[in-house]
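Chain by chain, the residues:
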Amino acid sequence: MAQAAITLAADAPTLSSANTGFMLICSALVLIMTPGLAFFYGGMVRVKSTLNMLMMSFISIGIVTILWVLYGFSMAFGTDSGSVIGWNSDWVGLSNIGLTELWDGYTIPIFVFMIFQMMFAIITPALISGALADRVKFSAWALFVALWATVVYFPVAHWVWGAGGWAFELGVIDFAGGTAVHINAGAAALGVILVIGKRVGFKKDPMRPHSLPLVMLGAGLLWFGWFGFNAGSWLGNDDGVGALMFVNTQVATAAAMLAWLVYEKIRHGAFTTLGAASGAVAGLVAITPSGGAVTPLGAIAVGAIAGLLCAMAVGLKYKFGYDDSLDVVGVHLVGGVVGSLLIGFFASGKGQSTATGVFYGNHSFDQLWKQCAGVFAVLAYSLVASAILAFILDKTIGMRVSEDDEVAGIDQAEHAETAYDFSGAGGGAARTTALPAAVAGASKKVDA
């Protein structure tokens, strides 16, 4: 027995400064994705909604950080209860965690795993905001973030990643958040917009992006930060799986961007910057669940398929009449579903696990059925729960700003600010007053 104890002690993981440092860097990379998302969304809206769009992402950083420390981490990763939720009283308020106490089975401290997962919890509700542009009260949005994180994100994170969670135990593969992050947020976005309705002028007024350079900057920050989001999810660098995920992230994103642009050229006759940015994000979304399970050639297939299908899906809102302002449903929900289900076809058995898809191994559908179970359970739960939360808030404090505030501009109404101040631009105001009335009116419409 003494010898066995000595052997077990020798085999127990010890703190790795290399893996710890790597994971802290990855955590910072994931955090920068939320400001990147704010820029991406902020450039896609009209001038009068820019600041509100930025703030809808930034407020998530504040709210979810505090909730995660108080109880979110415990709910998501604590001791399992009924395969649906976790809890560990020692983690409430991070009150009883040792500085060098390791995350079970790994070489990084619990604090490091906690902060890395916090960044995932922050960006997920922020993703929803893109579907709600121009029309939601900021106070209602802040309350929705707090409730949604508690009721939806924390439990779903436990299902997918927590020891004992039903999807985790079933063997659903989600390397870095195809179900817990992207399907979860995309389904939530659909649920909320079905409750709160369309923007004033939807399908009538042009609602073009006001700053495509801002969109490209945001997409670039997302692409950069996504390497921490994906490669960091293996929690270390000891066996090459994280490196595979890093490679596949780049490969799939490139393939998706190209596929989107080709579709756009054939369908609409032009290669647009918005298409390039959206295609890249679609590829990032699709490879997030699958990148640890597929080969680089498989990643090309995942990215190309996702780029094509997401490009086709963004037009569905006009056909079915739901106002998904910035295509959260078309990119994140569809991209997450595609990436998660394609694991069932392209899993090679040579990455994060020996599970194989239909095109590999014994050509079994076993993994595909598991992926379907995870995908559609998360989709259904998030859609229904999010719609209920939005309905309750709408009937109590009200979710939407007034029609007058929406038309005049939500930035001024909700934040008492405007994104761009031209008052000191060398007499620009005086020149505007000298313009013919028809021209001046047209200028005001463009500025709006």
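Residues numbered from 1 in each chain as written. Predicted model: local features only at pLDDT ≥ 70, side-chain atom pairs only at ≥ 80, totals over all residues. Heavy atoms only, no water.

A. Representation of the overall build of the protein in the model. Counting secondary structure elements, the protein contains 18 helices and two strands. For 448 residues, the compact-globule formula gives about 22 Å, and the C-alpha radius of gyration of the protein, at 23 Å, lands near that figure. Along the first, second and third principal axes, the C-alpha atoms of the protein reach 95 × 50 × 40 Å. The burial tally for the protein puts 53% of its 448 residues in the buried class. Expressed as a percentage of contacts within the protein between residues at least 6 apart in sequence, the contacts between residues at least 24 apart total 76%. Surface summary for the protein: the accessible area is close to 18,300 Å², and the carbon and sulfur share equals 68%. Side-chain charges in the protein split into 20 positive and 26 negative, and the spacing between the mean points of these groups amounts to 17 Å. (Helix = DSSP H or I, 4+ residues; strand = E, 2+ residues; numbered from the N terminus. Rg over C-alpha atoms; globule rule 2.2 N^0.38 Å. Buried < 20%, exposed > 50% of the residue type's maximum accessible area, 1.4 Å probe, protein only. Contact = heavy atoms within 4.5 Å. Areas by Shrake-Rupley, 256 points an atom, 1.4 Å probe, with all protein chains shown as cover. Lys, Arg positive; Asp, Glu negative; His and termini not counted. Charge placed at Lys NZ, Arg CZ, Asp CG, Glu CD.)

B. Representation of helix α11 (residues 296-313) in the model. Helix length check: α11 (18 residues) gives 25 Å between terminal C-alpha atoms against 26 Å at 1.5 Å per residue, within 8%. Within α11, burial applies to Gly298, Ala299, Val302, Gly303, Ala306, Gly307, Cys310, Ala311 and Ala313. Buried residues belonging to α11 abut α9 (241-268), α10 (273-290), α12 (316-320) and α13 (328-346). (Expected span 1.5 Å × (residues − 1).)

C. Spatial organisation of empty space enclosed by the protein. Scanning the entire structure with this criterion turns up one cavity of 30 Å³ or more. As a volume, the largest cavity reaches approximately 50 Å³. The wall of the largest cavity is formed by Phe40, Tyr41, Met44, Ser278, Val281, Leu326, Asp327, Val328, Val331 and His332. Those elements that place two or more of their residues in the lining of the largest cavity are α2 (17-44), α10 and α13. Tallied by class, residues from the lining of the largest cavity come to seven nonpolar, two polar and one charged. (1 Å grid on protein atoms, 1.4 Å probe; cavity = no way out; pocket = protein on both sides within 12 Å on 5 of 7 lines; lining within 4 Å. Points joined across faces, edges and corners; volume = space filled by probe spheres on them. Nonpolar A, V, L, I, M, F, W, Y, C, P; charged D, E, K, R; others polar.)

D. Spatial organisation of the environment of Val84. Residue placement: Val84 occurs in the loop between β1 (79-81) and β2 (85-87). Considered as a pair, Val84 and Val160 are 76 residues apart in the sequence and their alpha carbons are 9.6 Å apart. Excluding its chain neighbours within four sequence positions, the residues that come into contact with Val84 are Pro155, His158 and Trp159.

E. The side chain of Asn88, seen in detail. Turning to its location among the elements, Asn88 is positioned in the loop between β2 and α4 (110-128). You can call Asn88 buried: its relative accessible area is 19%. Within polar-contact distance, the side chain of Asn88 engages the backbone nitrogen of Asp90 at 2.9 Å. Leaving out residues up to four positions away in the same chain, Asn88 has contacts with Ser74, Gly78 and Thr79. (Polar contact = N/O pair within 3.5 Å; in protein donor to acceptor, adjacent residues only side chain to side chain.)

F. Seen up close, the side chain of Ser348. Topologically, Ser348 is positioned in the loop between α13 and α14 (366-396). Given the relative accessible area of 9%, Ser348 is considered buried. Polar contacts involving the side chain of Ser348 include one to the main-chain amide nitrogen of Lys350, which spans 3.2 Å.

G. Layout of the confidence of the model for the protein. For the protein, per-residue confidence averages 93 on the pLDDT scale, and 92% of positions sit at 70 or higher. Low pLDDT, under 50, characterises residues 1-9; the stretch is placed with zero contacts to residues that sit more than four places away or in other chains. Note that residues 428-448 has pLDDT below 50 and, in this model, nine contacts with residues that lie over four places away or in other chains. (pLDDT = per-residue confidence, 0-100.)

H. Just unusual backbone geometry, in detail. The phi angle at Lys203 is positive, at roughly 70°, despite the residue not being glycine. Within the secondary structure, Lys203 sits in the loop between α7 (178-196) and α8 (212-231). Even without a glycine there, the phi angle at His363 is positive, about 55°. Within the secondary structure, His363 sits in the loop between α13 and α14. His363 sits in the partly exposed class, given a relative accessible area of 49%.

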